[in-house]
Amino acid sequence: MSSALTDLFPHPIVQAPMAGGGSVPQLAAAVSEAGGLGFLAAGLKTADGMYQEIKQLRGLTGRPFGVNVFMPQPEYAESGAVDLYAHQLAGEAAWYDTELGDPDSGRDDGYDAKLAVLLDNPVPVVSFHFGVPSREALDALRRAGTFTLVTATTAEEARAVERAGADAVIAQGVEAGGHQGTHRDIPENDGSGIGLLSLIAQIREAVGIPVVAAGGLMRGSQIAAVLAAGASAAQLGTAFLATPESGAHALHKQALTNPLFARTELTRAFSGRPARGLVNRFLREHGPYAPAAYPEIHHLTTPLRKAAAKAGDAQGMALWAGQGHRMARELPAGRLVEVLAEELDAARTALSAEGGPR
């Protein structure tokens, strides 16, 4: 398999891009400086906001890093379902003394403008979420010297990624925190996600491009497992969420290991697309009724989530987290990369001493 990606960083550890504030330049820089691959999240930002973060990151490290971009979403026709959900959320707005957001605040997340910036000011790695870019876009990024990755949650999606000409695929298991990167949002498929190890095996048999494994990974021994299963590197998000460099809200960081938040669920409550988060009051009360309408529901609930954070109420926040959240460690990001690499080496040594898996 191609080493063009893993040659960029010494340790097979990728810090997942966490849109919504977690992936700040300080975090990405610390990870890259420690020998992993740090990532910025361009999703939910303007093109200029993305550019300013890239400039800031370049001032913090000279090592390779990545930028993640959200794909534009198709039109959503059932405005009545969004209106009904807005009516249901009226009590939340009154409770937090705020207004609901405008669901028609934009669908493309500034995709074309962001792509133009990334072609004019190339970065080492760009990944895409929620769909597959055109071959023209991927070829243009390759000519600019950028390595491209696209998220897939099934073998069929991975084949689409390879056909489009991406350099590698991110195999995102159902264990992953935050939004599932499905290429098409089909409500009938809710709850049918594939576990990471099964997904890696299916994707390895379906495509010939390198695989980056993502989903619930918190320890070096788990990284060893996905590498043994055929992945070239592992992508971790929740593991880096609790670090001091993370831009996540303090309540979000604390909730990862707070016994009050015992489990995670996939929910549409906050954004209209399936995303894994810690189960809190908002998720329980509104998740069953949220329509499949992204980004309309995201825009609608944004003021509520901000107001809950301002009020110090974790029960009204989107507490994105993977299934391994209780294993989060409050280590500096650079030290976490070192510890993960040490654990990975120890796991590999143990397997070698035993003569490999039995």
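1. Regarding the packing of aromatic side chains
Right, on to step 1. Taken as a whole, this structure holds five aromatic pairs when the rule is applied.
Right, on to step 2. Consider the rings of Phe270 and Trp320, whose centres lie 5.7 Å apart with planes at 85°: the pair is edge-to-face. With Phe270 in the loop between strand E10 (264–267) and strand E11 (275–278) and Trp320 in the loop between helix H13 (296–310) and helix H14 (333–353), the pair connects residues that are 50 residues apart, well separated along the chain. The residues Phe270 and Trp320 share a single accessibility class, namely buried.

2. What to know about the sheet that holds strand E2 (residues 38–41)
Right, on to step 1. Judged by pairing direction, the sheet is parallel, and its eight strands sit side by side in the order E1-E9-E8-E6-E5-E4-E3-E2 without closing on themselves. Only two strands of the sheet have a single neighbouring strand rather than two, namely strand E1 (13–15) and E2. Strand after strand, the sheet turns through a mean of 25° between neighbouring axes, direction not considered.
Right, on to step 2. In the sheet, strand E4 (residues 125–129) pairs with strand E5 (residues 147–152) via four bridges, with the strands oriented parallel. Within E5, the position partnered with Val125 by the bridge is Phe147.

3. Details of the packing of helix H5 (residues 111–120) against helix H6 (residues 135–143)
Right, on to step 1. Close contact between H5 and H6 brings their axes to 10 Å; oriented N to C, the two are set at 25°. As judged from the angle between their axes, H5 and H6 are roughly parallel. In the crossing of H5 with H6, the sense of the turn from one axis to the other is left-handed. Contact residues: H5 offers Tyr111, Leu115, Leu118 and Leu119, while H6 offers Ala137, Ala140 and Leu141.
Right, on to step 2. The residue makeup of the contact of H5 with H6, split by class, is seven nonpolar, no polar and no charged.

4. What to know about the pairing of strand E6 (residues 168–172)
Right, on to step 1. Across the five residues of E6, five count as buried, placing the element largely inside the fold.
Right, on to step 2. Going residue by residue along E6, you find Ala168, Ile170 and Gln172 tucked away on one face and Val169 and Ala171 tucked away on the opposite face as well.
Right, on to step 3. Sheet topology places E5 next to E6; four bridges connect them, and they run parallel. If you follow Leu149 over to E6, its bridge partner there is Ala168.

5. Considerations on the packing of helix H9 (residues 220–228) against H14
Right, on to step 1. Contact geometry of H9 with H14 gives a least axis separation of 7 Å together with a crossing angle of 55°. Between H9 and H14, the interaxial angle falls into the category oblique. For the pair H9 and H14, the crossing hand works out as right-handed. Residues Gly220, Ser221, Ile223, Ala224 and Leu227 of H9 pack against Leu340, Glu343, Leu344, Ala347 and Arg348 of H14.

6. Examining the pattern of salt bridges
Right, on to step 1. Taken as a whole, this structure holds 13 salt bridges when the rule is applied.
Right, on to step 2. Across the pair Arg335 and Glu338 runs a salt bridge whose closest N-O atoms are separated by 3.1 Å. Highlighted residues: Arg335 and Glu338, both in helix H14, separated by three residues, approximately one helical turn.
Right, on to step 3. Among the charged side chains, a network of salt bridges with common partners joins Glu92, Arg281 and Glu285.

7. Describing H5
Right, on to step 1. Of all the positions in H5, only Tyr111, Lys114, Leu115, Val117 and Leu118 are classed as buried. Looking straight down H5, one finds its buried side chains confined to an arc of 160°; they lie on one side. Across H5 from its buried face, at more than 90 degrees, point the exposed residues Asp112 and Asp120.

About the cut-offs
- As a convention, each chain's residues are numbered from 1 in the sequence order in which they are written.
- The predicted origin of the model limits local features to residues at a pLDDT of at least 70 and limits the giving and counting of side-chain atom pairs to 80 or more, whereas totals for whole chains, interfaces and linings rest on all residues.
- In computing side-chain values, all of the structure's heavy atoms are included and hydrogens and water are not.
- Each Phe, Tyr or Trp ring (for Trp, its six-membered ring) is paired with any other whose centre lies within 6.5 Å, and the angle between the two planes then decides the class: stacked below 30 degrees, edge-to-face above 60, tilted in between.
- Only DSSP runs of H or I with at least four residues qualify as helices, and only runs of E with at least two residues qualify as strands; both kinds are numbered from the N terminus onward.
- Here the term buried applies to any residue with accessible area under 20% of the maximum for its type, exposed to any over 50%, and partly exposed to those in between, with areas from a 1.4 Å probe on protein chains only.
- Pairing between two strands is assigned when DSSP locates at least 2 bridges connecting them.
- The axes are straight lines fitted to the C-alpha atoms, using for helices just the contacting stretch, and the angles between their N-to-C directions are given from 0 to 180°.
- What sets the label is the angle itself: under 35 degrees gives roughly parallel, over 145 gives roughly antiparallel, 65 to 115 gives roughly perpendicular, and the rest give oblique.
- Crossing handedness follows the turn of the near helix against the far one: under a right angle anticlockwise gives a left-handed crossing, and clockwise gives a right-handed one.
- In this description, contact between two residues means that some pair of their heavy atoms is separated by no more than 4.5 Å.
- Note on residue classes: Ala, Val, Leu, Ile, Met, Phe, Trp, Tyr, Cys and Pro are nonpolar, Asp, Glu, Lys and Arg are charged, and everything else, Gly too, is polar.
- The rule for a salt bridge is simple: a side-chain nitrogen of Lys or Arg has to be within 4 Å of a carboxyl oxygen of Asp or Glu.
- This arc is built from the directions going out from the helix axis to the C-beta atoms.

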